[in-house]
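# Coordinate inspection notes
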Amino acid sequence: MSHEFYVWMSYGMTAVAIAFEIAWLRVQRARARRHIEEERDLEAQD
Amino acid sequence: MNWFYFSSPPTFYRLAGWLVPWTFGTAALLAAAGLYVGLVQAPTDAQQGEVYRIIFIHVPAAWMSMFLYFVMACYGAASLTFNTRLAAMMARAIAPTGAMFTFVSLWTGAFWGRPTWGAYWVWDARLTSELVLLFLYFGFIALANAFEEPRRGDRAAALLALIGLVNLPIIYFSVMWWNTLHQGSSVSFKGTSMHISMLTGMLLMTFSFWAYAIGATLVRVRIIIVERERRTHWVRSL
């Protein structure tokens, strides 16, 4: 296998890992916002 | 300046929100510069050829994996000593990013090792201790989330982080203490044997990863603050 394969597999996986972490953070942030909305709804009901 | 002012979660939440775009912007700019220097400007290595270009992400990722663990353990120690909420939240927020950099370090090391050593993996002291670091991060994350009461999880995970600190000097000095396949450090405080453009590319990528780690940690700690304090008035009024 050529050296380019090893270089791009390394850079590619790094990009995937960072993209995965950012996507995961966005999912967690959306979930946190949903929880705040639920708390607000509960407060409004009381 | 009263630094305790910023240890209050509502104050820190706003400060972190202000800092996040700057850190990610800095990380992107430094990464662009680092990739340009590393992939375009730096010369081909006389012995390794093009495959040496993996070091522009492998070395910074390995440095970050150890540095983030150290910072995480310091926050863990602070949360155990002073019983501060924010320090425990910061320790939790650092762990996934530290694990990600450890994984990147191992992965890129494997893809550098195959053409250089002839194997993706060897049970070398440096590689094995770095793998232990990944398991320590996983253990920290699992332990922190294993309790229904978050503060108990914080304390248990902080203890694990402090015990795991012993692994950091093992990783760093493994190439000196044992006869390893992994090469010794090319960069130290005493100097370097690298070409200046190679060193520049590596340092730019290191600062980029550093800025990214700060940004990702701040985003995550904001999420943790909001989740923990969602029943408080200030979170409901966000």
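The structure presented is a predicted model; accordingly, all values stated were derived computationally and were not measured.

Reading guide: rules and limits
Residues numbered from 1 in each chain as written. Chains lettered and ligands numbered in written order. Predicted model: local features only at pLDDT ≥ 70, side-chain atom pairs only at ≥ 80, totals over all residues. Helix = DSSP H or I, 4+ residues; strand = E, 2+ residues; numbered from the N terminus. Buried ≥ 20, exposed ≤ 12 C-beta atoms within 10 Å, placed from the backbone. Rg over C-alpha atoms; globule rule 2.2 N^0.38 Å. Contact = placed C-beta atoms within 7 Å. pLDDT = per-residue confidence, 0-100. Nonpolar A, V, L, I, M, F, W, Y, C, P; charged D, E, K, R; others polar. Expected span 1.5 Å × (residues − 1). Axes fitted to C-alpha atoms, helices over the stretch in contact; angles between N-to-C directions. Parallel < 35°, antiparallel > 145°, perpendicular 65-115°, else oblique. Left-handed = near helix turned anticlockwise from the far one by under 90°. Bend = angle between axes of the 7 residues up to and from the residue. Core = buried A, V, L, I, M, F, W, Y, C linked by C-beta atoms within 7 Å.

### Here's the deal with the overall build of chain A
Broken down by element type, chain A carries one helix and zero strands. The dimensions of chain A, computed from C-alpha atoms along their principal axes, are 65 × 10 × 5 Å. Buried positions account for 9% of the 46 residues belonging to chain A.

### Considerations on the overall build of chain B
Across its full length, chain B holds eight helices and two strands. Helices (α) and strands (β) of chain B occur, in sequence order from the N terminus, as α-α-α-α-α-α-β-β-α-α. Its C-alpha radius of gyration of 19 Å places chain B within 12% of the 18 Å reference for a compact globule of 238 residues. Oriented by its inertia axes, the alpha-carbon framework of chain B measures out at about 65 × 35 × 30 Å. Out of the 238 residues belonging to chain B, those deemed buried represent 43%. Restricting to contacts in chain B with at least 6 residues of sequence separation, those with at least 24 account for 76%.

### Concerning the confidence of the model for chain B
All names here are of chain B. Averaged over every residue, the pLDDT of chain B is 92; residues scoring 70 or more account for 98%. Looking at the elements of chain B, mean pLDDT is at its lowest for strand E1 (residues 187–188), recorded as 72, and at its highest for helix H4 (residues 125–144), recorded as 97. Confidence estimates for the predicted assembly give a pTM of 0.93 and an ipTM of 0.91.

### Remarks on unusual backbone geometry
Residue and element names in this part refer to chain B. The backbone of asparagine 83 shows a phi angle near 55°, a positive value even though the residue is not glycine. Structurally, asparagine 83 is set in the loop between helix H2 (55–82) and helix H3 (85–117). Overall, asparagine 83 belongs to the exposed group, with 12 C-beta atoms counted inside 10 Å.

### Remarks on the interface of chain B and chain A
Accessible area lost upon the coming together of the parts serves often as the stated size of an interface. With 28 residues of chain B in contact, the opposing surface of chain A contributes 20 residues. Looking at the side of chain B that touches chain A, the elements with two or more residues in it are H3, helix H7 (196–228) and helix H8 (233–236) of chain B. Looking at which element gives the most residues to the side of chain B that touches chain A, the answer is H3(B), with eleven residues. Looking at the side of chain B that touches chain A, its residues break down into 17 nonpolar, three polar and eight charged.

### As for the environment of B:Val166
Relative to the assigned elements, B:Val166 resides in the loop between helix H5 (150–164) and helix H6 (167–177). For the pair B:Val166 and B:Ala125, spaced 41 residues apart in sequence, the C-alpha separation works out to 14 Å.

### Looking at H2(B)
Along its 28 residues, H2(B) runs 40 Å from first to last C-alpha, staying within 8% of the 40 Å computed at 1.5 Å per residue. Of the residues flanking the end of H2(B), it is B:Asn83, one or two places downstream, whose phi is positive at about 55°.

### Details of the packing of H2(B) against H7(B)
Residues and elements named next belong to chain B. As a packed pair, H2 and H7 sit with axes 9 Å apart at the nearest point and diverge in direction by 45°. In this view, H2 runs oblique relative to H7, as classed from their interaxial angle. Viewed along their axes, H2 and H7 form a crossing whose handedness is right-handed. Along the contact surface, H2 presents Ile55, Phe56, Ile57, Val59, Pro60, Ala61, Trp63, Met64 and Leu68, while H7 presents Gly201, Met202, Met205, Thr206, Phe209, Trp210 and Ala213. Partitioned by chemical class, the residues of the contact of H2 with H7 number 14 nonpolar, two polar and no charged.

### Concerning the environment of B:Ala157
All names here are of chain B. Considering the arrangement of structural elements, one finds alanine 157 in helix H5. For the pair formed by alanine 157 and phenylalanine 140, sequence separation is 17 residues and the distance between their alpha carbons is 5.1 Å. If we ignore the near neighbours within four places in the chain, the residues touching alanine 157 are Gly76, Ala91, Phe140, Leu143 and Ala144.

### Section: helix H1 (residues 9–41) of chain B
Residue and element names in this part refer to chain B. Here H1 is 33 residues long and its end C-alpha atoms lie 44 Å apart, about the 48 Å a rise of 1.5 Å per residue gives. Approximately 35° is the largest bend angle found in H1, and it occurs at leucine 19, with the proline proline 21 only one to four residues beyond. Burial in H1 covers these residues: Pro9, Phe12, Tyr13, Ala16, Thr23, Ala27, Leu30, Ala31, Gly34, Val37 and Gly38. In this structure, the buried residues of H1 make contact with H2, H3 and H7.

### Regarding the nonpolar core
Nonpolar side chains in soluble globular proteins tend to be buried together. By size, the foremost hydrophobic cluster in this structure holds 71 residues, and its most contacted members are B:Ile54, B:Met72, B:Met89, B:Met90, B:Ala91, B:Ile94 and B:Val221. At the level of elements, helix H1 (3–45) of chain A together with H1, H2, H3, H4, H5 and H7 of chain B are the ones that each hand at least two residues to this core. Ranked by residues supplied to this core, first place goes to H3(B) with 18 residues. Those residues in contact with B:Val221 that lie beyond four places of it in its chain are B:Ala16, B:Met89, B:Met90 and B:Ala93.

### A closer look at the environment of B:Ile196
Turning to its location among the elements, B:Ile196 is positioned in helix H7. The sequence separation of B:Ile196 and B:Thr128 amounts to 68 residues, and the corresponding C-alpha distance is 31 Å.

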